[in-house]
Amino acid sequence: MLQIKNLHAGVENKEILKGVNLEVKAGEIHAIMGPNGSGKSTLSAVISGNENFEVSQGSVTFLNEDISELDPEERAHKGVFLSFQYPVEIPGVSVTNFIKTAINENRKAKGLKDMPASEMLKLIKSKADLLEIDRKFLSRSLNEGFSGGEKKRNEIFQMAMLDPKLAILDETDSGLDIDALKIVANGVNKLKSKDNAVIIITHYQRLLDYIIPDFVHVLIDGKIVKSGTKELAYELEEKGYDWIKEELV
Ligand SMILES: Nc1ncnc2c1ncn2[C@@H]1O[C@H](COP(=O)(O)OP(=O)(O)OP(=O)(O)O)[C@@H](O)[C@H]1O
Ligand SMILES: [Mg+2]
(Lines give C-alpha, C1' and ligand atoms only; values in the text may rest on other atoms or scores of the structure.)
(Ligands and ions follow the chains in the order given, each with its own letter.)
Protein backbone atom coordinates (compact mmCIF):
# COMPACT_ATOMS: atom_id res chain seq x y z
CA MET A 1 0.00 0.00 0.00
CA LEU A 2 2.70 2.48 1.06
CA GLN A 3 6.33 2.32 0.03
CA ILE A 4 8.84 4.85 1.20
CA LYS A 5 12.27 4.62 -0.32
CA ASN A 6 15.37 6.49 0.77
CA LEU A 7 13.32 9.49 1.81
CA HIS A 8 15.26 12.64 2.61
CA ALA A 9 13.29 15.69 3.67
CA GLY A 10 13.66 18.81 5.73
CA VAL A 11 13.07 22.51 6.06
CA GLU A 12 15.16 25.19 4.41
CA ASN A 13 18.74 24.16 5.14
CA LYS A 14 18.00 21.56 7.75
CA GLU A 15 17.74 17.90 6.78
CA ILE A 16 15.36 16.10 9.17
CA LEU A 17 14.67 12.78 7.44
CA LYS A 18 17.90 11.21 6.30
CA GLY A 19 16.96 8.18 4.26
CA VAL A 20 13.77 6.58 5.57
CA ASN A 21 12.70 3.22 4.15
CA LEU A 22 9.32 1.80 5.08
CA GLU A 23 6.82 -0.55 3.54
CA VAL A 24 3.26 -0.85 4.82
CA LYS A 25 0.91 -3.46 3.40
CA ALA A 26 -2.87 -3.54 3.56
CA GLY A 27 -4.12 -5.06 6.81
CA GLU A 28 -1.04 -4.07 8.79
CA ILE A 29 -0.51 -1.84 11.82
CA HIS A 30 2.90 -0.23 12.12
CA ALA A 31 4.06 1.61 15.22
CA ILE A 32 6.79 4.21 14.99
CA MET A 33 8.65 5.10 18.16
CA GLY A 34 11.71 7.20 18.77
CA PRO A 35 13.17 10.02 20.85
CA ASN A 36 11.81 13.58 20.78
CA GLY A 37 12.90 15.43 17.69
CA SER A 38 13.92 12.31 15.76
CA GLY A 39 11.58 13.14 12.86
CA LYS A 40 8.41 11.14 13.54
CA SER A 41 5.97 14.00 13.03
CA THR A 42 8.01 15.17 10.06
CA LEU A 43 7.65 11.74 8.48
CA SER A 44 3.88 11.77 8.90
CA ALA A 45 3.73 15.35 7.57
CA VAL A 46 5.76 14.41 4.50
CA ILE A 47 3.61 11.34 3.79
CA SER A 48 0.48 13.46 3.96
CA GLY A 49 1.99 16.15 1.74
CA ASN A 50 2.64 19.01 4.14
CA GLU A 51 4.22 21.73 2.03
CA ASN A 52 6.36 23.11 4.86
CA PHE A 53 8.77 20.26 4.24
CA GLU A 54 10.89 19.81 1.19
CA VAL A 55 11.69 16.37 -0.15
CA SER A 56 15.22 16.34 -1.53
CA GLN A 57 15.59 12.65 -2.33
CA GLY A 58 13.64 9.41 -2.39
CA SER A 59 10.04 8.51 -3.13
CA VAL A 60 6.66 7.97 -1.52
CA THR A 61 4.47 5.50 -3.37
CA PHE A 62 0.86 4.97 -2.34
CA LEU A 63 -1.28 2.31 -4.03
CA ASN A 64 1.35 1.91 -6.74
CA GLU A 65 1.39 5.59 -7.57
CA ASP A 66 4.17 8.05 -6.81
CA ILE A 67 2.38 10.68 -4.74
CA SER A 68 5.41 12.90 -4.07
CA GLU A 69 4.06 15.71 -6.22
CA LEU A 70 0.47 15.62 -4.98
CA ASP A 71 -0.88 18.24 -2.61
CA PRO A 72 -2.38 17.23 0.76
CA GLU A 73 -5.99 17.38 -0.48
CA GLU A 74 -5.23 15.06 -3.38
CA ARG A 75 -3.54 12.61 -1.05
CA ALA A 76 -6.48 12.77 1.33
CA HIS A 77 -8.82 12.03 -1.56
CA LYS A 78 -6.75 8.97 -2.39
CA GLY A 79 -7.28 7.74 1.15
CA VAL A 80 -4.46 9.11 3.31
CA PHE A 81 -5.62 10.38 6.71
CA LEU A 82 -3.41 12.20 9.18
CA SER A 83 -4.41 12.99 12.73
CA PHE A 84 -2.77 16.07 14.09
CA GLN A 85 -0.54 16.19 17.10
CA TYR A 86 -1.79 19.76 17.56
CA PRO A 87 -5.30 20.04 16.07
CA VAL A 88 -6.65 23.42 14.93
CA GLU A 89 -9.69 25.12 16.42
CA ILE A 90 -12.41 26.27 14.06
CA PRO A 91 -14.92 28.37 16.00
CA GLY A 92 -18.43 28.33 14.58
CA VAL A 93 -17.95 25.12 12.61
CA SER A 94 -19.39 22.08 14.31
CA VAL A 95 -17.82 18.66 14.39
CA THR A 96 -20.65 17.43 12.16
CA ASN A 97 -20.45 20.24 9.61
CA PHE A 98 -16.72 19.90 9.33
CA ILE A 99 -16.94 16.23 8.55
CA LYS A 100 -19.85 16.71 6.13
CA THR A 101 -17.77 19.18 4.18
CA ALA A 102 -14.75 16.90 4.18
CA ILE A 103 -16.79 13.95 2.92
CA ASN A 104 -18.46 15.95 0.17
CA GLU A 105 -15.13 17.44 -0.93
CA ASN A 106 -13.85 13.93 -1.18
CA ARG A 107 -16.84 12.85 -3.26
CA LYS A 108 -16.50 15.88 -5.50
CA ALA A 109 -12.89 14.94 -6.23
CA LYS A 110 -14.17 11.54 -7.35
CA GLY A 111 -16.82 13.11 -9.55
CA LEU A 112 -19.66 12.16 -7.20
CA LYS A 113 -22.54 14.35 -6.03
CA ASP A 114 -22.92 15.40 -2.38
CA MET A 115 -23.98 12.58 -0.11
CA PRO A 116 -27.75 12.81 0.39
CA ALA A 117 -28.56 14.34 3.79
CA SER A 118 -30.41 11.26 5.00
CA GLU A 119 -27.53 8.97 4.12
CA MET A 120 -25.07 11.34 5.79
CA LEU A 121 -27.20 11.38 8.93
CA LYS A 122 -27.31 7.60 8.99
CA LEU A 123 -23.56 7.35 8.56
CA ILE A 124 -22.92 9.89 11.31
CA LYS A 125 -25.29 8.04 13.61
CA SER A 126 -23.75 4.65 12.99
CA LYS A 127 -20.17 5.86 13.45
CA ALA A 128 -21.04 7.88 16.54
CA ASP A 129 -22.69 4.79 18.02
CA LEU A 130 -19.77 2.58 17.08
CA LEU A 131 -17.35 4.89 18.85
CA GLU A 132 -19.75 5.68 21.70
CA ILE A 133 -19.78 9.38 20.92
CA ASP A 134 -22.43 11.57 22.53
CA ARG A 135 -24.76 13.38 20.08
CA LYS A 136 -24.20 16.66 21.94
CA PHE A 137 -20.53 16.41 21.18
CA LEU A 138 -21.21 16.39 17.44
CA SER A 139 -22.77 19.85 17.52
CA ARG A 140 -19.88 21.49 19.34
CA SER A 141 -17.48 23.87 17.59
CA LEU A 142 -14.49 22.05 16.17
CA ASN A 143 -11.78 21.67 18.80
CA GLU A 144 -12.91 24.84 20.59
CA GLY A 145 -12.29 24.24 24.26
CA PHE A 146 -11.94 20.52 23.61
CA SER A 147 -10.08 18.58 26.24
CA GLY A 148 -7.26 16.32 25.09
CA GLY A 149 -9.57 13.32 25.18
CA GLU A 150 -12.30 15.13 23.26
CA LYS A 151 -9.80 16.09 20.55
CA LYS A 152 -8.88 12.44 20.25
CA ARG A 153 -12.53 11.43 20.10
CA ASN A 154 -13.06 13.92 17.31
CA GLU A 155 -10.06 12.68 15.39
CA ILE A 156 -11.16 9.10 15.61
CA PHE A 157 -14.66 10.14 14.56
CA GLN A 158 -13.21 11.90 11.50
CA MET A 159 -11.23 8.80 10.72
CA ALA A 160 -14.30 6.59 11.05
CA MET A 161 -16.33 8.84 8.78
CA LEU A 162 -13.68 9.23 6.10
CA ASP A 163 -12.78 5.54 6.17
CA PRO A 164 -9.20 6.08 4.93
CA LYS A 165 -7.02 3.41 3.36
CA LEU A 166 -4.05 4.60 5.36
CA ALA A 167 -4.46 6.33 8.72
CA ILE A 168 -1.47 7.98 10.35
CA LEU A 169 -2.03 8.73 14.01
CA ASP A 170 0.52 10.95 15.68
CA GLU A 171 -0.08 10.41 19.38
CA THR A 172 3.19 11.94 20.50
CA ASP A 173 3.09 14.27 23.51
CA SER A 174 -0.64 14.77 23.18
CA GLY A 175 -0.84 13.86 26.84
CA LEU A 176 -3.24 11.00 26.39
CA ASP A 177 -4.75 9.85 29.63
CA ILE A 178 -5.93 6.28 30.03
CA ASP A 179 -9.41 7.09 28.70
CA ALA A 180 -8.10 8.89 25.62
CA LEU A 181 -5.71 6.05 25.04
CA LYS A 182 -8.63 3.65 25.06
CA ILE A 183 -10.63 5.89 22.73
CA VAL A 184 -7.84 5.82 20.20
CA ALA A 185 -7.24 2.12 20.64
CA ASN A 186 -10.92 1.10 20.47
CA GLY A 187 -11.42 3.34 17.46
CA VAL A 188 -8.48 1.87 15.60
CA ASN A 189 -9.42 -1.68 16.50
CA LYS A 190 -13.04 -1.21 15.41
CA LEU A 191 -12.06 0.40 12.11
CA LYS A 192 -9.28 -1.98 11.26
CA SER A 193 -9.80 -4.22 8.24
CA LYS A 194 -7.78 -6.28 5.81
CA ASP A 195 -8.07 -3.47 3.27
CA ASN A 196 -6.69 -0.60 5.33
CA ALA A 197 -3.52 0.11 7.23
CA VAL A 198 -2.49 2.20 10.22
CA ILE A 199 0.74 3.91 11.17
CA ILE A 200 0.70 4.90 14.80
CA ILE A 201 3.31 7.16 16.33
CA THR A 202 3.64 6.80 20.05
CA HIS A 203 6.10 7.25 22.88
CA TYR A 204 4.59 4.63 25.10
CA GLN A 205 4.43 0.91 24.86
CA ARG A 206 1.16 1.21 26.84
CA LEU A 207 -0.86 2.18 23.77
CA LEU A 208 0.45 -0.92 22.05
CA ASP A 209 -1.14 -3.07 24.73
CA TYR A 210 -4.48 -2.02 23.26
CA ILE A 211 -3.52 -1.80 19.61
CA ILE A 212 -1.32 -4.71 18.71
CA PRO A 213 1.10 -3.61 16.00
CA ASP A 214 2.41 -6.02 13.39
CA PHE A 215 5.67 -4.08 13.28
CA VAL A 216 7.44 -1.61 15.52
CA HIS A 217 10.03 0.74 14.03
CA VAL A 218 12.50 2.95 15.81
CA LEU A 219 13.26 6.28 14.22
CA ILE A 220 16.43 7.96 15.42
CA ASP A 221 17.99 11.03 13.87
CA GLY A 222 15.88 10.84 10.72
CA LYS A 223 16.33 7.16 9.99
CA ILE A 224 14.56 3.92 10.86
CA VAL A 225 17.39 2.18 12.63
CA LYS A 226 15.58 -0.85 13.99
CA SER A 227 12.40 -2.75 13.23
CA GLY A 228 10.78 -5.59 15.07
CA THR A 229 7.52 -6.84 16.50
CA LYS A 230 5.72 -5.63 19.61
CA GLU A 231 8.42 -7.21 21.74
CA LEU A 232 10.67 -4.39 20.58
CA ALA A 233 8.30 -1.89 22.18
CA TYR A 234 8.65 -3.71 25.53
CA GLU A 235 12.39 -3.63 25.17
CA LEU A 236 12.31 0.13 24.50
CA GLU A 237 10.03 0.74 27.47
CA GLU A 238 12.47 -1.07 29.67
CA LYS A 239 15.79 0.06 28.27
CA GLY A 240 15.13 3.39 26.53
CA TYR A 241 16.93 4.31 23.30
CA ASP A 242 20.58 4.50 24.32
CA TRP A 243 21.31 0.85 23.67
CA ILE A 244 20.13 1.22 20.07
CA LYS A 245 22.25 4.32 19.61
CA GLU A 246 25.22 2.38 20.97
CA GLU A 247 24.56 -0.44 18.52
CA LEU A 248 24.77 2.11 15.73
CA VAL A 249 28.26 3.40 16.43
N1 LIG B 1 9.18 23.75 10.56
C2 LIG B 1 10.34 23.44 11.14
N3 LIG B 1 11.38 24.31 11.16
C4 LIG B 1 12.53 23.98 11.76
N5 LIG B 1 12.78 22.81 12.34
C6 LIG B 1 11.79 21.91 12.36
C7 LIG B 1 10.53 22.17 11.77
N8 LIG B 1 9.75 21.09 11.95
C9 LIG B 1 10.49 20.20 12.63
N10 LIG B 1 11.72 20.69 12.87
C11 LIG B 1 12.80 20.01 13.59
O12 LIG B 1 12.97 18.74 13.08
C13 LIG B 1 13.28 17.80 14.11
C14 LIG B 1 12.26 16.68 14.08
O15 LIG B 1 10.99 17.16 14.50
P16 LIG B 1 9.70 16.24 14.62
O17 LIG B 1 8.58 17.09 15.04
O18 LIG B 1 9.53 15.48 13.36
O19 LIG B 1 10.14 15.25 15.79
P20 LIG B 1 9.31 14.12 16.52
O21 LIG B 1 10.08 12.86 16.35
O22 LIG B 1 7.92 14.12 16.08
O23 LIG B 1 9.43 14.57 18.03
P24 LIG B 1 8.37 14.42 19.27
O25 LIG B 1 8.55 13.04 19.79
O26 LIG B 1 8.86 15.42 20.23
O27 LIG B 1 6.99 14.69 18.75
C28 LIG B 1 13.29 18.60 15.40
O29 LIG B 1 14.60 18.93 15.70
C30 LIG B 1 12.47 19.83 15.05
O31 LIG B 1 12.88 20.95 15.81
MG1 LIG C 1 6.12 14.58 17.01
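All of these numbers come straight from a predicted model, not from anything done at the bench.

S.K.: How should I be thinking about helix α6 (residues 148-162) in this particular structure?
M.R.: In this model α6 runs 21 Å from its N-terminal to its C-terminal C-alpha over 15 residues, within 8% of the 21 Å that 1.5 Å per residue would give. Along α6, the positions that sit buried rather than exposed are Lys 152, Asn 154, Glu 155, Ile 156, Phe 157, Gln 158, Met 159, Ala 160 and Met 161. Taken from the residues just after α6, Asp 163 is the one with a positive phi, measuring 50 degrees.

S.K.: Before we go on, may I ask you to explain unusual backbone geometry in this structure?
M.R.: The phi dihedral of Leu 63 falls on the positive side, at around 50 degrees, and the residue is not glycine. Residue position: Leu 63 is located in the loop between β4 (54-62) and β5 (65-66). A positive phi angle, close to 45 degrees, is found at Asp 221, a residue other than glycine. By the secondary structure assignment, Asp 221 is in the loop between β11 (215-220) and β12 (223-228).

S.K.: I tried to follow the side chain of Ser 141 on my own but got confused; where do I start?
M.R.: Positionally, Ser 141 belongs in strand β8 (residues 141-142). Within the structure, Ser 141 has its side chain in polar contact with the backbone nitrogen of Gly 92 (distance 2.8 Å). Aside from chain neighbours lying at most four places away, what touches Ser 141 is Ile 90, Pro 91, Gly 92, Val 93, Ser 94 and Phe 146.

S.K.: How should I be thinking about the nonpolar core in this particular structure?
M.R.: Val 184 and Ile 200 are the most contacted members of the largest nonpolar core, which totals 46 residues. Broken down by element, this core gets its largest block of residues, seven residues, from helix α7 (residues 178-191). Of all hydrophobic cores here, the second largest spans 26 residues; its members include Leu 2, Leu 17, Ile 67 and Val 80.

S.K.: It is not clear to me how the site of ligand 1 should be interpreted in this structure. Could you clarify?
M.R.: Near ligand 1 you find 16 residues, and of these Asn 36, Gly 37, Lys 40, Thr 42 and His 203 are the closest. In this structure, an oxygen atom belonging to ligand 1 sits 2.8 Å away from a side-chain N or O atom of Asn 36. Out of a free accessible area of 640 Å², ligand 1 has 65% covered by protein chains. Counting residues per element, the ones that place at least two in the shell around ligand 1 are β2 (14-24) and α1 (40-48). The element best represented in the shell around ligand 1 is α1, accounting for three residues. Its residues placed into classes, the shell around ligand 1 shows four nonpolar, nine polar and three charged.

Definitions and cut-offs
Residues numbered from 1 in each chain as written. Chains lettered and ligands numbered in written order. Predicted model: local features only at pLDDT ≥ 70, side-chain atom pairs only at ≥ 80, totals over all residues. Heavy atoms only, no water. Helix = DSSP H or I, 4+ residues; strand = E, 2+ residues; numbered from the N terminus. Expected span 1.5 Å × (residues − 1). Buried < 20%, exposed > 50% of the residue type's maximum accessible area, 1.4 Å probe, protein only. Polar contact = N/O pair within 3.5 Å; in protein donor to acceptor, adjacent residues only side chain to side chain. Contact = heavy atoms within 4.5 Å. Core = buried A, V, L, I, M, F, W, Y, C linked by side-chain atoms within 4.5 Å. Near = heavy atom within 4 Å. Areas by Shrake-Rupley, 256 points an atom, 1.4 Å probe, with all protein chains shown as cover. Nonpolar A, V, L, I, M, F, W, Y, C, P; charged D, E, K, R; others polar.

It is worth stressing that arrangement in space is one thing and function is another; only the former is reported here.
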